[in-house]
Amino acid sequence: MKVSILDQPSEILTQTVTLTTNKDKPDNLFLFHCYHCGTGIQRIKGNVVRIGAGITLPQSVMTFQQCHRCKENYTFQIVHMKAPTAIKLTLTPQVEGGVSTFHCIICRQPVLQYTLEKAVKLPKMTPIIPPSLFACTQCGKIYLLNDVVSLVV
Ligand SMILES: [Zn+2]
Ligand SMILES: [Zn+2]
């Protein structure tokens, strides 16, 4: 599905995934998974720097993809910077008022449960208060939960 983001920037709610090239492993390729439901979205080359709600820098947008399962929208953009160890997250709840689950974008393991008010780390339901670092229990990928925001206007 192709959408012109430049024409109607305010009408598309999307998760912006910022990528950078991996200088040490330039051919680093992985399947990016929808963080809401774990469905494979797109093969990505490089490293994810951050995932954030909303739309930023449409001129540098690489591709726009919709999760075929939960219909979440993802926009991928490339920046040139040193890849940080932790992927910075600004999450949005999938269900307004309900509990959403964050799946590791690399290995699709459910790692967090969150609402607008609070977040807990799985499997022990340990509360974490943003900004806070946590690691995927399966693949060890490190994330920084920056905030949980609502995109509903
Ligand atoms: Zn999905
Ligand atoms: Zn993982």
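See the structure above.
Everything quoted here is computed from the prediction, not taken from an experiment.

Analysis parameters
Residues numbered from 1 in each chain as written. Chains lettered and ligands numbered in written order. Predicted model: local features only at pLDDT ≥ 70, side-chain atom pairs only at ≥ 80, totals over all residues. Helix = DSSP H or I, 4+ residues; strand = E, 2+ residues; numbered from the N terminus. Buried ≥ 20, exposed ≤ 12 C-beta atoms within 10 Å, placed from the backbone. Contact = placed C-beta atoms within 7 Å. Pairing = 2+ DSSP bridges.

### Observations concerning the overall build of the protein chain
Moving on, step 1. Tallying secondary structure elements over the protein chain gives zero helices and 13 strands in all.
Moving on, step 2. Of the regular secondary structure in the protein chain, the N- to C-terminal order runs β-β-β-β-β-β-β-β-β-β-β-β-β.
Moving on, step 3. Within the protein chain, the fraction of its 153 residues that count as buried is 25%.
Moving on, step 4. Long-range pairs, those at least 24 residues apart, make up 63% of the contacts in the protein chain with a sequence separation of at least 6.

### What about unusual backbone geometry?
Moving on, step 1. Of note, the amide linkage connecting L122 to P123 takes the cis form, showing an omega dihedral of 5°.
Moving on, step 2. Note that P123 resides in the loop between β10 (119-121) and β11 (126-128).
Moving on, step 3. Of the consecutive residues P130 and P131, the connecting peptide bond is found in the cis state with omega at -5°.
Moving on, step 4. Position of P131 among the secondary structure elements: in the loop between β11 and β12 (132-135).
Moving on, step 5. Of note in this structure, R108 is not a glycine but carries a positive phi near 60°.

### What to know about the pairing of strand β3 (residues 40-45)
Moving on, step 1. In this sheet, β3 lies alongside strand β2 (residues 29-33) in antiparallel orientation, the contact comprising five bridges. If you follow F30 over to β3, its bridge partner there is I44.
Moving on, step 2. If you look at the hairpin formed by β2 and β3, you'll find six residues sitting between the two strands, and G38 has a positive phi there, around 85°.

### Focus: the environment of Q109
Moving on, step 1. Relative to the helices and strands, Q109 is located in the loop between β8 (100-103) and β9 (110-114).
Moving on, step 2. Assessed through the 16 C-beta atoms surrounding it within 10 Å, Q109 is described here as partly exposed.
Moving on, step 3. Sequence separation between Q109 and G38 is 71 residues; the distance between their C-alpha atoms is 7.6 Å.
Moving on, step 4. Sequence-distant contacts of Q109, that is, excluding residues within four places in its chain, are made with H103, C104, C136, T137, Q138 and C139.

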